[in-house]
There are 4 protein chains.
Amino acid sequence: MVIVLKPGISREEIEKIKLKMQSLGCSVHEVVGESRHIIGLVGDTSKIDKELISANKNVEKVVNIQEPFKKANRLIKPEGSVVEVAGRKIGCGHIGIIAGPCSVESREQIISIAKDVKTSGAGFLRGGAFKPRTSPYSFQGLREDGLKLLVEARKETGLPIVTEIMSASHLDIFEEHVDVMQVGARNMQNFELLKEVGKSKVPVLLKRGMSSSIEEFIMSAEYIMAEGNENVILCERGIRTFENYTRNTLDLSAIPAIKKLSHLPVIVDPSHAAGLAWMVEPLSKAAIAVGADGLMIEVHNDPANAKCDGQQSITPLQFTNLMHTINQLAVIENKAVSF
Amino acid sequence: MVIVLKPGISREEIEKIKLKMQSLGCSVHEVVGESRHIIGLVGDTSKIDKELISANKNVEKVVNIQEPFKKANRLIKPEGSVVEVAGRKIGCGHIGIIAGPCSVESREQIISIAKDVKTSGAGFLRGGAFKPRTSPYSFQGLREDGLKLLVEARKETGLPIVTEIMSASHLDIFEEHVDVMQVGARNMQNFELLKEVGKSKVPVLLKRGMSSSIEEFIMSAEYIMAEGNENVILCERGIRTFENYTRNTLDLSAIPAIKKLSHLPVIVDPSHAAGLAWMVEPLSKAAIAVGADGLMIEVHNDPANAKCDGQQSITPLQFTNLMHTINQLAVIENKAVSF
Amino acid sequence: MVIVLKPGISREEIEKIKLKMQSLGCSVHEVVGESRHIIGLVGDTSKIDKELISANKNVEKVVNIQEPFKKANRLIKPEGSVVEVAGRKIGCGHIGIIAGPCSVESREQIISIAKDVKTSGAGFLRGGAFKPRTSPYSFQGLREDGLKLLVEARKETGLPIVTEIMSASHLDIFEEHVDVMQVGARNMQNFELLKEVGKSKVPVLLKRGMSSSIEEFIMSAEYIMAEGNENVILCERGIRTFENYTRNTLDLSAIPAIKKLSHLPVIVDPSHAAGLAWMVEPLSKAAIAVGADGLMIEVHNDPANAKCDGQQSITPLQFTNLMHTINQLAVIENKAVSF
Amino acid sequence: MVIVLKPGISREEIEKIKLKMQSLGCSVHEVVGESRHIIGLVGDTSKIDKELISANKNVEKVVNIQEPFKKANRLIKPEGSVVEVAGRKIGCGHIGIIAGPCSVESREQIISIAKDVKTSGAGFLRGGAFKPRTSPYSFQGLREDGLKLLVEARKETGLPIVTEIMSASHLDIFEEHVDVMQVGARNMQNFELLKEVGKSKVPVLLKRGMSSSIEEFIMSAEYIMAEGNENVILCERGIRTFENYTRNTLDLSAIPAIKKLSHLPVIVDPSHAAGLAWMVEPLSKAAIAVGADGLMIEVHNDPANAKCDGQQSITPLQFTNLMHTINQLAVIENKAVSF
């Protein structure tokens, strides 16, 4: 951590700041510049609150040198992490493909799609039971009933299920039924929820918030890990930019960036990023080519009548074709799809 | 709502879409263009799911003409709403000033600041008890104990208290103690929380999410109102942009925009927007000049030792000076500060 | 084009607007809604000024249905365009690889790199002679002397040269020496320059502005094409977002989007997008996988001593390895690298 | 400047970097941390190229401590600059109001508006002769004829004229006729144009690019000043964000930020920022309240028939009312409108 002091600060004030930093367990190095004066802090600065120092009226700015995350940091585990769910691996050469409808609509729908995506090679079934919707007047999901239908689909196909948790008050029922709990983009900084899923043993799929920086994204994973749950899969799903041809802008550079900073596996959701079914295929290919550890794809047997997100869902047939190409790309990447 | 059809669509497909739209309760008008064909829908379209229509493979895009919010819509109440808390009004010419520390730290701290801001003319006391922090290793607030200290400060000063609720599981204790429940920017689309505070009678201060559009912001207020709680105050607090001289970019154009679209009162938080204490004064003045119904300002008696956000907190003395200017500006705007 | 009228507009005013639209050559269809009234325009609306209509005090908003570009529109040439330079094709299955240093520094440097990239399979040599720099105190390029060195490198290797034009006053010398004139991101809406290069016959590589929408980007190509020069290659090079781990955010969704909207070939510059040499490889692969018609890559024989952009330049050896993977991916895409 | 080295760097490599930095005229201070090693540079680093150092494979990142601008830096002139045009001052308590139509359309139009805005208290007449338009098919301005009409309007009213220069090839005619040359947002980093206007003595109004950071904005002023022309007025006109209710997002925080960093006067253009006539008044008030040194406002006598930007132009009557409020606010700010 580097503290840049304001021009004209007195020797006395400098010594005060140095003493304070030493009291926080850091050793202190002073560099006297021409127009600016800086202090370098040495030691474990990850638990020092940057804001606390910035508040000093003699401090111009504070620059972090070390990343603020510890458990999620690549330095802890340079070889990378694998998250394993029902025998399927994600990370370190294992590609996880999660497919299914935006929301669970009926027994027939979810079982039919589950069978289709399994046949094409998906390793996991997704399907929303509790749905975050911008409008209170839109379909809010089948909720508990949706979870039960997912469980039936798992029985029929053997596919582990991935579904979104929207409130800590649902944790018991999720722990009972679900293989991977998804924390959605809108809840990425719902810290009370992060803490609660962190106390669970169920793996967590954490989606990046629409306006979250990569560092904040990893810090939210750190929240979960700090409570003890280290089975976290990150998911890039598009960030909000000025461009609105696509619903969000898929930030594929985030994949190599996250892999450099953290050991956690990271997958891509091209369906929500673009919001356009015809873009799912090219973006999925790009995601695998850039190094993602998996994909989360919306598949629906009747997109035009889907209760939500039909415009971004591909059909089972399109999904089959996509899986064919994904397998080819995996070979080039020396990876294999888990199923 | 206008549906733009893809070029080359058959007459049969057009008729199918028209029938479907009529079945949703709309009357349908067709406009035959040269390269494009459009369908105009007439009737109450606020409950029609845009996505549902977009999913049709013959639809190129769907354009909303009517706003998707009903209860928050200005059309319902052209004269504007007033939210009243403990005799203090916000909206329609009444300016509410909410001031206090980022977080409650101790009995002495909160009572001392409460007295100071009351003397200078604040109408409400703010102070965080439950704190949303990017890092799990940062100070998380005094939680329940913080609420109790706020209650003591209210007893001493008579100022109603405004504080953030981070989980629906805390609703009981908030309803018992708090005058205004704040839903923070990170929880603006925590829909389960919005529904719960919507069932309460306690007024809600809803902050705009960092990457939330104005329409989404009002839709989150609609979530609360749809459950019955119409005492909603909106708060602009900066959006995330590429510019990082300030922590976020205060979007002051949002104030007149929201006033045009909605009847709800809207205030501004210059402290979190800029993240810089010295910018609070000019931004506060600009907020009142642009038409805001109030301000939410961080005031701390010892910013350099504040447990959080010290770099953006002003001192009680600076707050006194600010209030002097705010009162002058209020006169130009034909408004008055509530206290 | 759809015109949404304000609520409460009189019949007389509606008729005035309809007459005005008819006078612009459109036929007019009226749809009477409950709270809003809309007018659909049929005919060639690409030359109607949206702003002109928006300015009417009875108009709430104007929605474009048809794209505003004509010559660049995919509808004109559904099969796509090929731009051919010195026997090398870009577009429609032909991948163009443009490689070389950020700036031309010396005879030895440019010839050595040119030979290296040719050997590895590049089809074009890039190198900046006139350099746009944020600071007036940074190296501004060798200017005319740089162009001459590029010409020498072409003589030695046969590679056509691509270099940036920063002012219309340099057009003569560029037309004499250069194979492809690049218009940089910062000049994407330098309309006087666009018009001038549009009068030339030399192919133009047009880079997307950092905050340019896809539509504006294609409109800038339209400026060039409207003057007669239809040899335009588009280049996505990252957009400005809140994320600053990378210098800009590479918008790979823009590739399929542009291909849907326009027939022009579109390539990707991963070097400038990320600003990080180690990210060039994964982003290049993703670009080809998403459907780009080529790449523009910075290669330097001594990045640590490059006069500019060394941090984002890869070495000739890294480039050789990259070309190996690109060729594998091209096969999957049924494409071939031009050389 | 602080150089953060990669973990595991050898002593030999560190010494090499230190020697290189010393050869650039800096003195070097080393701070040995636990996981990172940093080097502080002392001396004039404003002419050191950050990229050059970043390119070293042992360097993780480089952090600027000192601002990269010199002539525009507030440190040079703490009391602030005044730009004077035809006896009217802008800066240091003097508010400049520039008003007029988006584009010059006819003799009658420009003279009529010029008289109106003069009567209401404007100090300068604006009007576009050369117009930057997104579409090549939109009205491009009257060009040279427009300049002549502006000159006539000046003769009639005595108001100095402000108009946009789009190409260095027009410099002669601008120097002959124009009082203030405007460099538009799209040309903010047209460095060849900046250099040319920097060689002139005519004051320059430099608009902020839509996606330009505050630092880049001031660096573009530095380009002009480095060539000798120190009469630069900065103009904030909205930045591009995800919010599209307004055309751009007016960044009013930029005003106090620029005033802290630079001594140059800075004004606000609310008309282009919002793109909505009804928002001009509240945003103008906010701009003055936040500390701007002036305003640039589009005024048209017949907005519905304006050849461009009619939707954002206010009428002379609205302008008169606005000037009344601006004068009231100026008093609170201890400033006065120049005329």
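Chain A appears in an unreviewed UniProt entry as Bifunctional 3-deoxy-7-phosphoheptulonate synthase/chorismate mutase from Acetoanaerobium sticklandii.

Student: Please explain the environment of Asp49 of chain A as it appears in this structure.
Tutor: You can see Asp49 of chain A is positioned in the loop between β3 (37-42) and α2 (50-54). When the C-alpha positions of Asp49 of chain A and Glu144 of chain A are compared, they lie 41 Å apart, and in sequence the two are 95 residues distant. Leaving out residues up to four positions away in the same chain, Asp49 of chain A has contacts with Arg133, Ser138 and Lys307 of chain B.

Student: Explain unusual backbone geometry here, please?
Tutor: A negative phi angle characterises most non-glycine residues, just as the trans form characterises most peptide bonds. Phi at Asn334 of chain B takes a positive value of approximately 60 degrees, unusual for a residue other than glycine. Looking at the secondary structure, you find Asn334 of chain B in the loop between α11 (316-332) and β15 (336-337). Of the residues examined, Asn334 of chain B reaches a relative accessible area of 71% and is grouped as exposed. Positive phi, close to 55 degrees, is recorded for Arg143 of chain C, a residue that is not glycine. Residue position: Arg143 of chain C is located in the loop between β8 (124-126) and α4 (144-157). You can call Arg143 of chain C partly exposed: its relative accessible area is 23%.

Student: Just to check I follow, could you spell out the relation of the copies chain A and chain D for this structure?
Tutor: Taken together, a rotation about one axis and a shift along it account for how the two chain copies relate. Least-squares fitting of chain A to chain D yields an RMSD of 0.1 Å, with the transformation described by 0.0 Å of translation along the axis and a rotation of 180 degrees. One copy is carried onto the other by what is essentially a two-fold rotation axis. Residues of chain A ranked by C-alpha distance from the rotation axis are headed by Phe242 of chain A, positioned 2.0 Å from it. Taken together, the interface assignments show that 100% of the residues at the interface of chain A recur at the interface of chain D, consistent with an identical surface on both copies.

Student: How should the interface of chain A and chain D be read in this particular structure?
Tutor: Often the size quoted for an interface is simply the accessible area lost on bringing the parts together. Taken together, the contacts link 25 residues of chain A with 25 residues of chain D. Approximately 1,900 Å² of surface area, both sides summed, lies buried where chain A meets chain D, with 68% of it carried by carbon and sulfur atoms. If you look at where chain A meets chain D, you find zero salt bridges. One can count two residue pairs in polar contact (both at pLDDT 80 or more) joining chain A with chain D. Put simply, the parts of the chain that give the side of chain A that touches chain D at least two residues each are β1 (2-5), β2 (27-32), β3 and β4 (59-63) of chain A. A per-class count over the side of chain A that touches chain D returns ten nonpolar, eight polar and seven charged.

Student: Explain the state of the cysteines here, please?
Tutor: Here is the idea: a disulfide is a covalent bond, and it sits between the sulfur atoms of two cysteines. A full pass over the atoms with the stated rule returns four disulfides over all chains. What pairs with Cys102 of chain A in a disulfide is Cys308 of chain A, and their sulfur atoms sit 2.5 Å apart. When the S-S torsion is -95 degrees, as for the bridge of Cys102 of chain A with Cys308 of chain A, the disulfide is left-handed. Linking Cys102 of chain A in the loop between β7 (94-100) and α3 (107-120) with Cys308 of chain A in the loop between β14 (294-298) and α11 (316-332), this pair joins segments that are 206 residues apart in sequence. Relative accessible area serves as the criterion here: at 2%, Cys308 of chain A is assigned to the buried category. You can see Cys92 of chain B has no disulfide; the closest cysteine sulfur is in Cys235 of chain B, sitting 18 Å from it.

Quick notes on the rules
- Residues numbered from 1 in each chain as written.
- Chains lettered and ligands numbered in written order.
- Predicted model: local features only at pLDDT ≥ 70, side-chain atom pairs only at ≥ 80, totals over all residues.
- Heavy atoms only, no water.
- Helix = DSSP H or I, 4+ residues; strand = E, 2+ residues; numbered from the N terminus.
- Contact = heavy atoms within 4.5 Å.
- Buried < 20%, exposed > 50% of the residue type's maximum accessible area, 1.4 Å probe, protein only.
- Least-squares fit on C-alpha atoms with pLDDT ≥ 70 in both.
- Buried area = accessible area lost by both parts, 1.4 Å probe.
- Salt bridge = Lys/Arg side-chain N within 4 Å of Asp/Glu carboxyl O.
- Polar contact = N/O pair within 3.5 Å; in protein donor to acceptor, adjacent residues only side chain to side chain.
- Nonpolar A, V, L, I, M, F, W, Y, C, P; charged D, E, K, R; others polar.
- Disulfide = S-S within 2.5 Å.

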